[in-house]
Amino acid sequence: RATLDELNQVTTLLNGMTKKLLDQQAIDTEKEPITIKLTLSEPIHTLDPAMSNIMENTRFLNNIHTGLLTTNDTGDVLPSIAKNWYVEDDNTTWIFYLRNDAIFHNGKKVTAYDVKYSLERLLSPELNSPNTWFIDYIEGAKEFMEGKEGEVRGINVLDDYRLSIKLKKPFSGFILLLSHGCCAVMDSQELKKGNFVGCGPYILDGYDGNEYKLVANENYIGGKPYCDIIRIINGDSNALNNFLEGEYDFHIIQSKTEYEAIKSQELGKNIRFIDLVATFYIGFNMKNTISPYTQKNMRQAISYAIDKKRIIDEVVGGLGVEAKCMIPPELVSCDHVEGYEYNPKKAKEIIQKEGVDLTRPLVILTGPYIHPILKLVEEDLRALGITCKYKKVSNEQFISSRKLQEGCDMYFYGWYADALEPSSFIKPLFGSDSESNLSCYESQQVMELVERAAQMANPKKRGEIYEEIQRIISEDIPCIPLFHPQNAVCTQDMVHNVNLSPLAMLKYDNIIKEK
């Protein structure tokens, strides 16, 4: 607590210094508002933080909302609405002290009652959020989610600016998961009306056609953002060229084509790289038990058949490293796992040994556009004698593709860690009740080990449990890990401090633009 108090004091001091500098600048010259313009590679699916489980959607909303805690550019947890906290001797009861100067975008003060309401709403059966797993280990959460109790008994308001959260069992990853954007605190009265009023660094000022406009929140507890206005264009099919022509202030590089195009320009000197805690993968439909392609031996054969290096080189321009396991090595070691290296000869031997009938096409579930990675996978499988067929659905349908899996064998997807905590990969991707478990994988052993790890205080033993989970998932092969991505960001010359975190988040309020 002493360390956090000191950090809070330093932050307050720096915010005060920044405000004085900005006030002085305003006196010196009546300047035009500083505007940042950027584009999104995917549409915004929801404006409700509690319902967002798509990385770019969450990145956008994290600049409008904040919670008790937040994360910095390295993914580490920092105070936000909660100025400090501690855990009691029972190792399950956490006490949070809230700032008394946190203000919603509508001018109302943030209180512990808003925190309780927002967290209970996230867990409510009426909302049916895909993100309940972030806090379902709070005492009474299960009973509340099942409609058996009217409130979560583990969340208690002590007074306007103090809150108690009691867990069912000790959980070392609690603080990390609580910092996720789905735990954003919103005005409880506005939520009852269906409005999402937060207290983050920017205020959503409107949406016109394909453009979102954000304006700086002058009362933000982290200090007023450096840039006054953020203009966000949704669905620009010519985003790269428009960036090169100066239309956008920065660009997140998505492919080899984009990387090569920017690298050859003068702007190429402004490219910065970041390793992301993420995995792109091919998943199997484990419920399609009648398909020859979803049987374990064929899953192994297909794993050996895919040339991951070629995918990294030809599609993402080298912006990634080959993945041996699903859980990224930044979270759980994979040195003890053998994995499946590219070996088409071995793949053919497995198919011949099993006597698999390859006349039936392998059905791949995809969005409206077939990803270039799938085309390379299709070529690798054709070399085995397997013909691929695509089942196309809308992006919105694909997100809930657990309901569309009938008749499908495989799909392509990517997952970014929500926190620097292994369970943020394991529970959503492999939990039997998770909406994000598109493979419909079920393993009671894995879930029991996750619970054991959560309660383990000894970090060495906890790490050993997660390594066992890594091994089991690798052997079961519900998914083929392809690569762990890097991102590259390029800025215009006058734009600075555009920092992607390892969790792929980006704080607009840290961006500085010279006049």
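Residues numbered from 1 in each chain as written. Predicted model: local features only at pLDDT ≥ 70, side-chain atom pairs only at ≥ 80, totals over all residues. Heavy atoms only, no water.

### Brief notes about the overall build of the protein
Along the protein, the regular secondary structure elements total 16 helices and 20 strands. A globule of 515 residues ought to have a C-alpha radius of gyration of about 24 Å, and the protein, at 24 Å, matches this closely. Taken along the three principal axes of its C-alpha coordinates, the protein extends 75 × 60 × 40 Å. For the protein, the proportion of its 515 residues judged to be buried stands at 55%. Excluding contacts between residues fewer than 6 apart, the proportion of contacts in the protein whose partners are at least 24 apart in sequence is 71%. (Helix = DSSP H or I, 4+ residues; strand = E, 2+ residues; numbered from the N terminus. Rg over C-alpha atoms; globule rule 2.2 N^0.38 Å. Buried < 20%, exposed > 50% of the residue type's maximum accessible area, 1.4 Å probe, protein only. Contact = heavy atoms within 4.5 Å.)

### Observations regarding the pairing of strand β10 (residues 229-234)
For β10, the buried fraction is high: 5 of the 6 residues fall into the buried class. Bridge analysis of strand β1 (residues 35-40) against β10 gives 6 bridges, and the strand direction is parallel. Bridging from a neighbouring strand, L38 pairs with I232 of β10. With 5 bridges joining them, strand β9 (residues 211-216) and β10 adopt antiparallel strand pairing. What sits directly across from L214, in β10, is I230. (Pairing = 2+ DSSP bridges.)

### Considering the sheet that holds strand β4 (residues 82-87)
Strand order in the open sheet formed by 4 strands is β4-β5-β7-β6, and the pairing between neighbours is antiparallel. Both outer strands of the open sheet, β4 and β6 (155-159), are each paired with one neighbouring strand and no more. Between one strand axis and the next, the sheet turns by 20 degrees as a mean value, whatever way the strands run. Packed on one face of the sheet, helix α3 (residues 112-123) meets β5 (93-98), β6 and β7 (162-166) and runs near 175 degrees to β6. (Axes fitted to C-alpha atoms, helices over the stretch in contact; angles between N-to-C directions.)

### Focus: the confidence of the model for the protein
Of the residues in the protein, 93% reach a pLDDT of 70 or more, and the chain-wide mean stands at 91. Segment residues 1-6 is flagged for pLDDT under 50; beyond a separation of four residues in sequence, or across chains, it makes 8 contacts in the model. (pLDDT = per-residue confidence, 0-100.)

### Remarks on the packing of aromatic side chains
One pass over the full model with this rule turns up 18 aromatic pairs. Ring geometry for F96 and F174: centres 6.3 Å apart, planes at 65 degrees, overall edge-to-face. Remark: F174 occurs in helix α5 (residues 174-178) and F96 occurs in strand β5; sequence separation between them is 78 residues. A centroid spacing of 5.7 Å and a plane angle of 85 degrees characterise the contact between F430 and Y441, whose relative ring orientation is edge-to-face. Here the residue F430 occupies a position in helix α14 (residues 423-430), and Y441 occupies one in the loop between α14 and α15 (444-455), the gap between them amounting to 11 residues. (Phe/Tyr/Trp six-rings, centres within 6.5 Å; stacked < 30°, edge-to-face > 60°.)

### So, the pairing of strand β18 (residues 479-491)
With 12 of its 13 residues buried, β18 lies for the most part within the structure. Here strand β12 (residues 272-275) pairs with β18 via 4 bridges, running antiparallel. When the sheet's bridge partners are listed, I274 is paired in β18 with N487. Note that strand β13 (residues 278-284) and β18 share 4 bridges and pair antiparallel. Paired with F280 across the two strands is F483, which belongs to β18. Bridge count for strand β14 (residues 320-322) against β18 is 3 bridges, and the pairing is antiparallel. Bridging across to β18, V321 finds its partner in H484.

### With respect to the side chain of R121
In this structure, R121 sits in helix α3. With near-sequence residues (within four places) excluded, R121 lies in contact with D48, A50, L127, M186, L191 and F196.

### Remarks on α15
Three- or four-residue spacings in an α-helix give side chains the same orientation, since the helix completes a turn every 3.6 residues. The terminal C-alpha atoms of α15, which comprises 12 residues, lie 17 Å apart, in line with the 16 Å expected from a rise of 1.5 Å per residue. Among all positions of α15, only V446, L449, V450, A453 and A454 are buried. The arc that holds every buried residue of α15, seen down its axis, measures 140 degrees, which confines them to one face. Buried residues along α15 sit in contact with α14 and α16 (459-476). (Expected span 1.5 Å × (residues − 1). Arc of directions from axis to C-beta.)

### Concerning a nonpolar patch on the surface
A surface patch of nonpolar side chains, amounting to about 200 Å² of accessible area, comprises L47, F196 and L204. Along the polypeptide, L204 turns up in strand β8 (residues 202-208). Note on L204: relative accessible area 31%, which makes it partly exposed. (Patch = residues over 30% accessible without salt bridge, like charges linked within 9 Å, V, L, I, M, F, W, Y side chains within 5 Å. Areas by Shrake-Rupley, 256 points an atom, 1.4 Å probe, with all protein chains shown as cover. Salt bridge = Lys/Arg side-chain N within 4 Å of Asp/Glu carboxyl O.)

### Here's the deal with the packing of α14 against α15
Between α14 and α15, whose axes approach to 11 Å, the crossing angle comes to 150 degrees. Put simply, α14 runs roughly antiparallel to α15. Judged by the sense of rotation from one axis to the other, the crossing of α14 with α15 is left-handed. Every residue of α15 that contacts α14 at I426, K427 and F430 is listed here: V446, M447 and V450. (Parallel < 35°, antiparallel > 145°, perpendicular 65-115°, else oblique. Left-handed = near helix turned anticlockwise from the far one by under 90°.)

### Focus: the packing of α15 against α16
Where α15 contacts α16, the two axes come as close as 9 Å, and the packing angle between them is 165 degrees. The angle between α15 and α16 falls in the class roughly antiparallel. Crossing hand, α15 versus α16: left-handed. Facing Q445, V446, L449, V450, R452, A453 and A454 of α15, the residues of α16 in contact are R462, I465, Y466, E468, I469, I472 and I473. Looking at the contact of α15 with α16, its residues break down into 10 nonpolar, 1 polar and 3 charged. (Nonpolar A, V, L, I, M, F, W, Y, C, P; charged D, E, K, R; others polar.)

### With respect to the sheet that holds β9
In any sheet, the strands associate via hydrogen bonds between backbone groups, in a parallel or an antiparallel arrangement. The strand order across the open sheet built from 4 strands is β1-β10-β9-β8, with neighbouring strands paired in mixed fashion. Strands at the two margins of the open sheet, each flanked by one partner only, are β1 and β8. Neighbour to neighbour, the strand axes of the sheet diverge by 20 degrees on average, direction disregarded.

### Section: unusual backbone geometry
Non-glycine residue N128 carries a positive phi angle of around 55 degrees. Its place among the elements puts N128 in the loop between α3 and α4 (141-145). According to the relative accessible area criterion, N128 is exposed, its value standing at 60%. A positive phi angle, near 55 degrees, is found at C440, a position not held by glycine. Among the structural elements, C440 can be located in the loop between α14 and α15.

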